[in-house]
Amino acid sequence: QGMQAFVFNLRKDKFKDINIRKALNLAFDFEWLNANLFYDQYKRIDSYFDNSELEAFGLPKNKEYELLLEVSHLVSDDVFNKEFINPVGGNTRLTRQNLKEAQSLLIESGFIIDDGKLINKITGEALVIEFLISQMDMERIITQFQANLKSIGIDSSIRVVDTAQYQKRVDQFDFDIIVANFPQSLSPGNEQRDYWGSESADS
């Protein structure tokens, strides 16, 4: 099953901090969107290889564990001792809890709330995000996301451009967040190198 997701431009300093990326994930209420916009047609996935024997679940073990040990200096300790599970929302209590946790992560990363805006204590800059899209149907999804982001002090905007301009900006890494697809096959091959290989990073 392929993955569709919000993709952060990690070349931007504001997204290099994993706490900011975690906070944004906590602010995205998939369950509310699924119930209110999509009649519960969708299932949120936790793996690039969802619905296959390659799907990641639980903690790493056996060969997977051995491979991760070789790069343990590059990955978070959470990889070894905490199963990845996306936050769950859908009702006021859970959403409020997720947003509270998101705000705690942002404060931990050196932000303060000043006049309703999230400000970096060192630089004095507000955390502002632009969603770049070329398809209008994504706008209603992002609009709900924006409401949650605003509640934790993050200003955001949606920039809708034509396909040619969109492709040009993506090729030049001129974006904050886009929506992208990661199709997979049951016999993963070249696409893995294209997605994750160091040689592909610049293209």
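Above: the structure in question.
Let me sum up the structure you'll find in this document.

1. Some words on the layout of surface pockets
- For the second largest pocket, the calculated volume is near 220 Å³.
- As for the second largest pocket, its lining consists of D13, K14, D17, I20, S109, F111, N120, T123, E125, A126, L127 and V128.
- For the lining of the second largest pocket, a count of residues per class yields five nonpolar, three polar and four charged.

2. Focus on the pattern of salt bridges
- If you walk through the whole model with that rule in mind, you get ten salt bridges.
- The partner of K150 in a salt bridge is D155, and the shortest N-O contact between them spans 3.9 Å.
- When its relative accessible area of 55% is taken as the criterion, K150 is described as exposed.
- By relative accessible area, which is 23% here, D155 ends up partly exposed.
- Among the charged side chains, a salt-bridge network with shared partners connects E130, R159, R169 and D174.

3. Observations regarding the nonpolar core
- Residues F6, L24, L106, F131, F145 and I154 are the most contacted members of the largest nonpolar core, which totals 30 residues.
- Discounting residues that sit within four places of it in the chain, I154 has contacts with L24, L106, L118, L127, I129 and L149.

4. A look at the side chain of S52
- By the secondary structure assignment, S52 is in the loop between α3 (30-37) and α4 (62-70).
- By relative accessible area, which is 17% here, S52 ends up buried.

5. Things to note about the environment of G2
- By secondary structure assignment, the location of G2 is in the segment before β1 (3-8).
- Among the residues examined, G2 registers a relative accessible area of 40% and is labelled partly exposed.
- On a C-alpha basis, the gap between G2 and Q192 in space is 13 Å, while along the polypeptide they are 190 residues apart.

6. Considerations on helix α6 (residues 92-108)
- The end-to-end C-alpha distance of α6 is 24 Å, a good match for the 24 Å that 17 residues give at a rise of 1.5 Å each.
- Within the span of α6, buried status applies to L94, T95, N98, L99, A102, L105 and L106. Down the axis, α6 shows its buried residues gathered within 130 degrees of arc, on one side only. Set apart from the buried face of α6 by more than 90 degrees, the exposed residues are T92, R93, R96, K100, I107 and E108.
- Along its buried surface, α6 packs onto α2 (18-27), β2 (111-114), β3 (117-120) and α7 (139-151).
- Structurally, the start of α6 carries an N-cap: the backbone nitrogen of R93 is 3.1 Å from a side-chain oxygen of N91.
- Looking one or two residues beyond α6, the residue adopting positive phi is G110, at roughly 95 degrees.

Conventions and cut-offs
- Residues numbered from 1 in each chain as written.
- Predicted model: local features only at pLDDT ≥ 70, side-chain atom pairs only at ≥ 80, totals over all residues.
- Heavy atoms only, no water.
- 1 Å grid on protein atoms, 1.4 Å probe; cavity = no way out; pocket = protein on both sides within 12 Å on 5 of 7 lines; lining within 4 Å.
- Points joined across faces, edges and corners; volume = space filled by probe spheres on them.
- Nonpolar A, V, L, I, M, F, W, Y, C, P; charged D, E, K, R; others polar.
- Salt bridge = Lys/Arg side-chain N within 4 Å of Asp/Glu carboxyl O.
- Buried < 20%, exposed > 50% of the residue type's maximum accessible area, 1.4 Å probe, protein only.
- Core = buried A, V, L, I, M, F, W, Y, C linked by side-chain atoms within 4.5 Å.
- Contact = heavy atoms within 4.5 Å.
- Helix = DSSP H or I, 4+ residues; strand = E, 2+ residues; numbered from the N terminus.
- Expected span 1.5 Å × (residues − 1).
- Arc of directions from axis to C-beta.
- Polar contact = N/O pair within 3.5 Å; in protein donor to acceptor, adjacent residues only side chain to side chain.

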